[in-house]
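Overview (structure and organization)
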Amino acid sequence: MQKLFTDFKPSTAEEWKNRLVKDLKGEPYESLIWHNENGFDIQPFYAAEDLKQVYEPAFTHAQWEICVSPQLNDSKELNKQLLQHLNSGATSISINCKEPDLEIALKDIQLNYIHSTFFVNEKNSLVLKKYLEANYDLNRLNCSLFPEKLANTQDFENWLKVVSLFKSYDGIKILAANALPYHDQSCLAYYEVALVLSQITEYLEFFSDKKSELPTSDIVIKTGVSSDYFIQMAKLRAIRRLWTILKKEYAVENDFHVIVETSLTNKSISDSYNNLLRTTVESMAAVSGGCNELIVTDFDVLFETNKVLAERMAVNQQLILKEESYFDKMADVACGSFYIETITDLLASKALETFKRFEKEGGYFKCLEKNIFSTEIATQAKERGELVNAKKQISIGVNKFKNEKEKIEITAKAINELKNLDIHNPVLNFELEHYFNLKNA
């Protein structure tokens, strides 16, 4: 074994580059440099010289919760599905409290043994609190709360009332930042990180200005993850890296709890089983990037074809990553990787620069009022759409290697519903324009 280090001398980055130039046989080395959509260049290889420092792990946990989030309003049906998922391997649930009767929806579900997430408003948060206090010790729960919406300062003030209801309970995470709606508008990775920081800073500034104590529970983040594997892994790591800066700046000790959901920005109707492969890649990126909980969307999420199979597979994909692929055995597998550490730094640097720009505009809610986020994300989404239309961004089964024998029965009503989804999915837009409009609309 020792001869590996004596007989084979290490090569420098310059030596690797010279070897690569020779192998290119006249083709320019620059042709291998990838200008990533996030605004920085990615080199064809990385070496130890590219690392700026000795890196500590971005996170130290290896396990994650398998979360399910049925979109049902009927309380009995919701309860039935939740129990079925939990008995099939899920370990976490997510519910919007807008419609369900909690007594019915949560019957026989023991929240003290699983993680739970609730989307609430000022009114139904009181109902939730009453239910939880009647059935559990709130300090022993592992629960996250998100606002139904956070679109302006009034929503934030209303949410702070909810925070005050639960802030004394260590088991309830109520400092919540939700970047998933931006992700599902085809937001770029660095921009998503900046949005998370901007939302969190609103809490930090509020409690700092009021001279009151910040709740000590974990800060809970929800975001999405798409199929650009290494970038998405680096994105989640960059969020944690930048949080260490904010922690020092505001002298707080809160940890992060990160909930990740697979993307709606790249799923197709055509050849929909390909979506299973996409969500598997996304799941691997989420876990390798340090998620604490993961929601895998059904492979037929856009156009339901086999609900029972799709829901079962969404849980089983994560079970396979745990039980058969051992993704839960090692924390932060990317730590020290020349490539991933470099792009983590690049994403963090670009996100920090963008976050500072948001702060100069007055912070998160001022940027919302000025339509800065919506305008800039629309530009990002348009550019992504152009790449798909030009077939420079490949979607297998859609704009390349399409299954010409596949027959999809879809009504004009269903097409209009897809057009009105509150997401930006350039793959779906390509399908609607090229395959379904003329035939079915």
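Notes on the structure follow. These figures come from a predicted structure and were not determined experimentally.

Scoring rules and cut-offs
- Here, residues in each chain are numbered from 1, in the same order as that chain's written sequence.
- In keeping with the model being predicted, local features are shown solely for residues with a pLDDT of at least 70 and side-chain atom pairs are shown and tallied solely at 80 or more, while totals for entire chains, interfaces and linings include all residues.
- Values shown for side chains rest on all heavy atoms present in the structure; no hydrogens or waters enter the calculation.
- With a 1.4 Å probe rolled over the protein chains alone, any residue whose accessible area is under 20% of its type maximum counts as buried; one over 50% counts as exposed, and the rest are partly exposed.
- Here a strand is any run of E in DSSP of at least two residues, a helix any run of H or I of at least four, and the numbering for each starts at the N terminus.
- Paired strands, as defined in this entry, are two strands with at least two bridges between them according to DSSP.
- Looking down the strands as they point away from you, a crossover is right-handed if its path from the first strand over the helix to the second goes clockwise.
- What a helix is expected to span follows from its residue count: subtract one and scale by 1.5 Å.
- Put simply, a disulfide is two cysteine sulfurs that come within 2.5 Å.

1. Some details on the pairing of strand E5 (residues 115-120)
With respect to burial, E5 is a largely interior element, six of its six residues being buried. Inspection of the sheet shows strand E4 (residues 92-96) paired to E5 by five bridges, in the parallel sense. Its bridge partner lying in E5, Ser94 is registered against Thr117. Where E5 and strand E6 (residues 142-147) come together, six bridges link them in parallel fashion. Residue His115 lies in a different strand from E6, and its bridge partner there is Asn142. Following the chain from E5 across helix H5 (residues 122-135) to the adjacent parallel E6, one finds a crossover that is right-handed.

2. Some words on helix H9 (residues 229-250)
In this model, H9 (22 residues) spans 32 Å end to end at C-alpha, consistent with the 32 Å of a helix rising 1.5 Å per residue. Once H9 ends, the next one or two residues include Ala251, with phi positive near 55 degrees.

3. Things to note about the state of the cysteines
Tallied over the entire structure, the rule returns zero disulfides. Cys291 carries a free sulfur, and the closest cysteine sulfur to it, the one in Cys67, is 10 Å from it. Looking at Cys291, the relative accessible area reads 2%, which means it is buried.

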